[in-house]
2 protein chains.
Amino acid sequence: MSDLANRSTQELSELREQMLREYEALRARGLRLDMTRGKPSPEQLDLSMAMLSLAGNGDITTESGEDARNYGGSSQGLPEARALFANALGAPIDQILVGNNSSLALMHDCIVFALLKGVPGGRASWSEEKPISFLCPVPGYDRHFAICEEYGIQMIPVPLTGEGPDMDVVERLVADPSVKGMWCVPQYSNPTGEIYSDEAVRRLGAMRSGASDFRLFWDNAYAVHHLTDESRKVANIFDACAAGGYPDRPFVFASTSKVTFGGAGLGFFASSPANMRWFVARMSRRTIGPDKLNQLRHVRFLRDSDGVRKLMDQHRALLLPKFDAVAGALATRLDGTGAARWTHPQGGYFITLDMMLGSARRVVELAKEIGLALTPAGATHPLGQDPDDRTLRIAPTNPPLTEVRLAAQAIALCVLLAATEALLTNREMTDAPHSQVSAGRRMKATA
Amino acid sequence: MSDLANRSTQELSELREQMLREYEALRARGLRLDMTRGKPSPEQLDLSMAMLSLAGNGDITTESGEDARNYGGSSQGLPEARALFANALGAPIDQILVGNNSSLALMHDCIVFALLKGVPGGRASWSEEKPISFLCPVPGYDRHFAICEEYGIQMIPVPLTGEGPDMDVVERLVADPSVKGMWCVPQYSNPTGEIYSDEAVRRLGAMRSGASDFRLFWDNAYAVHHLTDESRKVANIFDACAAGGYPDRPFVFASTSKVTFGGAGLGFFASSPANMRWFVARMSRRTIGPDKLNQLRHVRFLRDSDGVRKLMDQHRALLLPKFDAVAGALATRLDGTGAARWTHPQGGYFITLDMMLGSARRVVELAKEIGLALTPAGATHPLGQDPDDRTLRIAPTNPPLTEVRLAAQAIALCVLLAATEALLTNREMTDAPHSQVSAGRRMKATA
């Protein structure tokens, strides 16, 4: 299909009519498709069902001889559970904490503790030093941004390059002492799928921050979530920060939410010895300890990092066809149209779809009207505001393959329809600047 | 045995010698007894072993049809899990949240959210209004006090009467607008075992607080933990506060940590609709949701509040002999000596032992030297400081019955030895005011 922008108004009008007929046909099917969130599919969850019977046979004793059912033990969680992710986290088990079912909660608590108590190397609590801000590579993860919004932490967007954040921009911005943190999803980034380059990691570890207590919030959520044989791995951030002279800089997170169970996995936190002492001291005021039985279940089921790898191979077999289906449907319909570009991730849970400026909300709206729920436009940006209104996050993992294929075709159709509408509206504007423009249309120029 | 204070110095010296011989005989046995924490025993944990196999047979669908393994659902947790404790909490399920394995964490998070965001009805966040303080009935629970200490919340001790806090004192203190909260363990209080009287509950709900956003932290940790047929129940704090015109006053907590598993139970939070909206809004920034599989396990195993009651009857059968053993050993040795008094709780996990002023640390020290670990003296008071150094918390639930009996005998011996020492030291002081007194002895007068 040729680039839409080069077509005549007549051709575009005909295309729009054709798209609308297809659109109405889809609407008539009464679809109920949900591509909003990066959730594992039931088939993926089935891979770990054997875990749920474990510890039921009286096997409730930890390696150190504790009764996992009772109170007690370290707030850092079972060493044998920490060991499961030592490789993925790039840290020794002494520098790892394993908690309950949410790594997001560990990130949240790091920020809360920093706000109320300060972090090692800081002169005061972050609350006392407000206003403070975080660097936010965009597009990014809405739940990261929501924590900043909740606590009045300003968010400064930083562009991503395809190999991590634009480090020239980061190095300039981080010199401001009010910048206390930076969100990073360094591997198979949410939602772009990109992997931070070795050079980006090196510079993140070596850059001079204005704040002595600046922290990288290194959410390695997709550390073992490969979609190709390459099994790429981002460079070790602990090594980079140690080499840069900032050993306390990284707060590293991971979880098994997309390894075992979305709702009942394990969250991990890894950091320097000083940071770990700080975090454990705070966390032991909050709770007597994490759910050790669930940690023990994971240990018995996954065994070790090799067990994790084998399980992730099974996940990959279920996920790859879905990613391929989306890529195929988008290519079939959109290649060459200039209406969109999209990522081809080597891992992770998302495909990022960038379309014509000012089209993303319209595509979500069009999709909703035919029963296809998409992540809200803007969700990938701080405060839910994508200034270009062009980026959508596609989450193909949860629905069955047939639905994913259908949803991807529907998305492509909506993108094409929105693009055609936008181009026609712009031409109307150019031809008759004072004419009435239908409500809800965006009028920014196409890129 | 007659009151020690009435004995001659000669008699006391002989008693001390006899006690010391018994003490050395105990030391020679090389005991390793731990009565420090209110942990269930392995036999109690065995009562819930069947729960660990549940959900393993594919039974992973919630009442609303959700897959409990995955992300999703309400941050308030499964309604059917909330229903398990609706009776104990005295609230409808819409006003209940069920979380992960720690009610302490829910209390902590309420305080953190109040500090950073404020609570409904408040004019500002609690951090902005510092200095703030909490009323702390003493003796109380060390982990409550530790949260206040962590966040610089001043603690104002309030005496307990045997039927709840001294309400004249509470009403006077709460008029101060810097008083933002009050810790209450209203039923089988930790550690005194007392139950707040209906009148105390009524006055707590009706009293005029200086702060418009004052909150009762109502930790009903032992709501279903009866030791007698009476199954007493504290009055409903929601009713009392509604009657008083303060429906948003109570933050209510409970857990199954001492129903199913100490480390892998469920924590509950109940409050007014406004407070619940506030808490859920905060909590949904922190985590995508609680571990629903563990909630489902509890639902399948406990079934309903009647199932909870039946299980607690089994706990009681294991616990009552231990409480009786302690009471018996203390009575045998200490009745009539004036050296100590202790509680006879109708429920809960603790016995409180009050001894001669200035003796508690010495008793803990004496016990430690013969291999018996006791909760540190002072732990029952804010900042770990018991100004009278007289109160110890005895936790008889975890060790086997034979060890509990032996430990109680050892405690009685240590109390008697400490009392004899103290009386003799005081007489030396009186007889020869300038004489050297051996280090480590307390010199306060006995009551």
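Residues numbered from 1 in each chain as written. Chains lettered and ligands numbered in written order. Predicted model: local features only at pLDDT ≥ 70, side-chain atom pairs only at ≥ 80, totals over all residues. Heavy atoms only, no water.

## Let's talk about the packing of helix H1 (residues 9–28) of chain A against helix H14 (residues 401–431) of chain A
Residues and elements named next belong to chain A. Running from N to C, H1 and H14 point in directions that differ by 145°, and their axes come no closer than 9 Å. Regarding H1 and H14, the two cross each other, and that crossing is left-handed. Here H1 contributes Thr9, Leu12, Ser13, Leu15, Arg16, Met19, Leu20, Glu22, Tyr23 and Leu26 to the contact with H14, which in turn contributes Leu406, Ala410, Leu413, Cys414, Leu416, Leu417, Thr420, Glu421, Leu423, Leu424 and Arg427. Its residues assigned to classes, the contact of H1 with H14 comprises 14 nonpolar, 3 polar and 4 charged. (Axes fitted to C-alpha atoms, helices over the stretch in contact; angles between N-to-C directions. Helix = DSSP H or I, 4+ residues; strand = E, 2+ residues; numbered from the N terminus. Left-handed = near helix turned anticlockwise from the far one by under 90°. Contact = heavy atoms within 4.5 Å. Nonpolar A, V, L, I, M, F, W, Y, C, P; charged D, E, K, R; others polar.)

## Regarding the sheet that holds strand E6 (residues 215–219) of chain B
Residue and element names in this part refer to chain B. Spatially, E2-E8-E7-E6-E5-E3-E4 is the arrangement adopted by the 7 strands of the open sheet, whose pairing is mixed. This sheet does not close on itself; its edge strands, each paired only once, are strand E2 (96–98) and strand E4 (154–159). Taken over all neighbouring pairs, the strand axes of this sheet differ in orientation by 20° on average, direction set aside. Of the strand pairs in this sheet, strand E3 (residues 133–138) and strand E5 (residues 179–184) are connected by 3 bridges, and their pairing is parallel. Counterpart to Phe134 in the pairing with E5 is Gly181. Where helix H5 (residues 103–117) meets the sheet, its contacts fall on E2, E3, E5, E6, strand E7 (250–255) and strand E8 (267–270), and the angle it forms with E7 comes to roughly 160°. (Pairing = 2+ DSSP bridges.)

## A short note on the packing of aromatic side chains
Residue and element names in this part refer to chain B. Within the structure shown, the criterion is met by 34 aromatic pairs over all chains. For the ring pair Phe134 and Trp183, a centre distance of 5.8 Å and an interplane angle of 50° mean the geometry is tilted. Here Trp183 lies in strand E5 and Phe134 lies in strand E3, a separation of 49 residues in the sequence. What makes Trp183 buried here is its relative accessible area of 2%. Between the aromatic rings of Trp183 and Phe217, the centroid separation amounts to 5.2 Å while the plane-to-plane angle is 55°, which identifies the pairing as tilted. Highlighted residues: Trp183 in strand E5 and Phe217 in strand E6, separated in sequence by 34 residues. Exposure remark for Phe217: the relative accessible area of 0% places this residue in the buried category. (Phe/Tyr/Trp six-rings, centres within 6.5 Å; stacked < 30°, edge-to-face > 60°. Buried < 20%, exposed > 50% of the residue type's maximum accessible area, 1.4 Å probe, protein only.)

## A word on the interface of chain A and chain B
Counting residues at the interface gives 58 residues for chain A and 58 residues for chain B. Around 4,800 Å² of area is buried between chain A and chain B when both sides are counted, 51% of it from carbon and sulfur atoms. At the junction of chain A and chain B, the tally comes to 10 salt bridges. Between Arg286 of chain A and Asp109 of chain B there is a salt bridge, with the nearest N and O atoms lying 2.6 Å from each other. The interface formed by chain A and chain B contains 28 residue pairs in polar contact (both at pLDDT 80 or more). (Buried area = accessible area lost by both parts, 1.4 Å probe. Salt bridge = Lys/Arg side-chain N within 4 Å of Asp/Glu carboxyl O. Polar contact = N/O pair within 3.5 Å; in protein donor to acceptor, adjacent residues only side chain to side chain.)

## Some words on the relation of the copies chain A and chain B
Once chain A has been moved 0.0 Å along the axis and rotated by 180°, it coincides with chain B to within an RMSD of 0.0 Å. Here the copies are linked by what is in effect a two-fold axis. Minimal C-alpha distance to the rotation axis in chain A is attained by Ser53 of chain A, lying at 2.6 Å. Of all interface residues in chain A, 100% are interface residues in chain B too; the two copies therefore contact each other through one and the same surface. (Least-squares fit on C-alpha atoms with pLDDT ≥ 70 in both.)

## Some points on the environment of Met19 of chain B
All names here are of chain B. Within the element layout of this structure, Met19 appears in helix H1 (residues 9–28). The class of Met19 is buried, set by a relative accessible area of 0%. Taking the C-alpha atoms as reference points, Met19 and Leu416, 397 residues apart in sequence, are found 7.7 Å from one another. Sequence-distant contacts of Met19, that is, excluding residues within four places in its chain, are made with Arg333, Leu413, Leu416 and Leu417.

## Side note on helix H9 (residues 237–244) of chain B
Residues and elements named next belong to chain B. What H9 keeps buried is the set Ile237, Phe238, Ala240 and Cys241. Mapping the buried residues of H9 onto a view down its axis gives an arc of 165°, with all of them on the same face. Opposite the buried face of H9, at more than 90 degrees from it, the exposed residues are Asp239 and Ala243. The backbone nitrogen of Phe238 lies 2.7 Å from a side-chain oxygen of the residue at the head of H9, namely Asn236. (Arc of directions from axis to C-beta.)

## Focus: the packing of helix H8 (residues 198–206) of chain A against helix H9 (residues 237–244) of chain A
All names here are of chain A. Following both chains from N to C, one finds H8 and H9 inclined at 45°, their axes separated by 7 Å at the closest point. In terms of their interaxial angle, H8 and H9 are classed as oblique. Between H8 and H9 the crossing geometry is right-handed. Two secondary-structure elements touch here, H8 through Val201, Arg202, Gly205 and Ala206 and H9 through Ile237, Ala240, Cys241 and Gly244. Considering only residue class, the contact of H8 with H9 consists of 5 nonpolar, 2 polar and 1 charged. (Parallel < 35°, antiparallel > 145°, perpendicular 65-115°, else oblique.)

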